[in-house]
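Chain by chain, the residues run as shown.
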Amino acid sequence: MNWAAVLLAAGAASRMGHRPKCLLERDGQALIRRSALALLDAGIQELVVVLGHYAQEVRPAVAGLPVTVVVNPHPEQGIISSQRLGLLSITSTCDAVVMCLADQPLIETQDITDLLQAFTQRPSNTDMVYPQVQGQPGNPVALSAAVRVAVLQANDDFGCQTWRQHNRALVHAWASDNLHYITDLDSQADIAALRQSLGIDLRWPQASAG
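Residues numbered from 1 in each chain as written. Predicted model: local features only at pLDDT ≥ 70, side-chain atom pairs only at ≥ 80, totals over all residues. Heavy atoms only, no water.

## Quick word on the environment of valine 62
Applied cut-off: Here a strand is any run of E in DSSP of at least two residues, a helix any run of H or I of at least four, and the numbering for each starts at the N terminus.
Mapped onto the elements, valine 62 comes out in the loop between helix 2 (55-58) and strand 5 (68-71). Through-space distance from the C-alpha of valine 62 to that of serine 35 is 9.9 Å; in sequence the pair is 27 residues apart.

Okay, structure coming up:
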């Protein structure tokens, strides 16, 4: 299959004190770069990174990688606008797309590989696969080229979640026990919880330190 991916990193991170959480570093590497490398190493052939708030600060974190960086001119309009921009910016003829968040500190190459495999083995007549862990929907999400087309042909306020709500019969909840898919960062408390539960220490880069 020909895979593309959209990596979302356009948010304002208001609950994180208005600092770009995708620049938090794990083992000295920014989370957005870790996510991009995991996607590329898993076989993603075209990767679009969507920036918005803090674009100038975040862009250097993916410098030198084979990615396309686009900037959402209106990130205040929310994640749907970034999803649509990312899907629109894919230039290749792809069979499927991975929609990924840049603030998932545990995502590794194997997690992406497992999701791609789950998509290729999905039930017939389904077009979207998301990991379901302990009853919770997780990320990233894999969607067919048909979903991409449907989203882009709809109104500007129509995104992947909207499509999922309107087409439940075409969505496959892939059961997984992998907590990586449901671990993300919203606040400083999440950083502390990750350190306490798993011993993973996330640190702000020097330039972003408060």
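## Some details on the side chain of aspartate 127
The condition is simple: Any residue under 20% of the maximum accessible area for its type is buried, any over 50% is exposed, and the rest in between are partly exposed; the area is computed with a 1.4 Å probe on protein chains only. Working convention for charge: Lys and Arg count positive, Asp and Glu count negative, and His plus the chain ends are omitted. Salt bridge criterion: a side-chain nitrogen from Lys or Arg within 4 Å of a carboxyl oxygen from Asp or Glu. A 3.5 Å cut-off defines polar contacts: any pair of N or O atoms within that distance qualifies, except that in protein one atom must be a possible hydrogen donor and the other a possible acceptor, and neighbouring residues in sequence count only when both atoms are side-chain atoms. Contacts are assigned to residue pairs that have any heavy atoms within 4.5 Å of one another.
Turning to its location among the elements, aspartate 127 is positioned in the loop between helix 4 (109-120) and strand 7 (128-133). Of the side chains with opposite charge, arginine 122 comes closest to the buried, unpaired aspartate 127, at an N-O distance of 4.7 Å. Within polar-contact distance, the side chain of aspartate 127 engages the side chain of serine 144 at 2.8 Å. Sequence-distant contacts of aspartate 127, that is, excluding residues within four places in its chain, are made with Phe119, Arg122, Ala142, Leu143, Ser144, Ala146, Val147, Trp163 and Leu170.

## Considerations on the packing of aromatic side chains
Cut-off, in case you're wondering: Between 30 and 60 degrees the pair is tilted, below 30 it is stacked and above 60 it is edge-to-face, where a pair is any two Phe, Tyr or Trp rings, Trp via its six-membered ring, whose centres lie within 6.5 Å. Whether a charge lies above a ring is judged from NZ of Lys or CZ of Arg, which has to be within 6 Å of the ring centre and within 35 degrees of the ring normal.
As enumerated under the stated definition, the model contains two aromatic pairs in all. Note on tryptophan 3 and phenylalanine 119: the rings are 5.3 Å apart at their centroids and 70 degrees apart in plane angle, and the pair reads as edge-to-face. Here phenylalanine 119 lies in helix 4 and tryptophan 3 lies in strand 1 (residues 3-9), a separation of 116 residues in the sequence. Between the aromatic rings of tryptophan 174 and tyrosine 181, the centroid separation amounts to 5.6 Å while the plane-to-plane angle is 65 degrees, which identifies the pairing as edge-to-face. The burial state of tryptophan 174 is the same as that of tyrosine 181; both residues are buried. The ring of tyrosine 130 carries the charged tip of arginine 164 above its face, separated from the ring centre by 4.2 Å.

## Notes on the nonpolar core
Going by this rule: Residues grouped as a nonpolar core are buried Ala, Val, Leu, Ile, Met, Phe, Trp, Tyr and Cys residues, joined through side-chain atoms within 4.5 Å.
Grouped together as the largest cluster of nonpolar side chains are 39 residues, with contacts concentrated most on Trp3, Leu7, Ile32, Leu39, Ile44, Leu47 and Val98. Filtering out sequence-adjacent residues up to four positions away, tryptophan 3 remains in contact with Gly43, Ile44, Gln45, Glu46, Ala96, Val97, Val98, Leu116, Phe119 and Ala142. Val6, Val48, Cys94 and Val97 belong to the second-largest nonpolar core, a separate cluster that totals 23 residues.

Just geometry here; none of it tells us what the structure is for.
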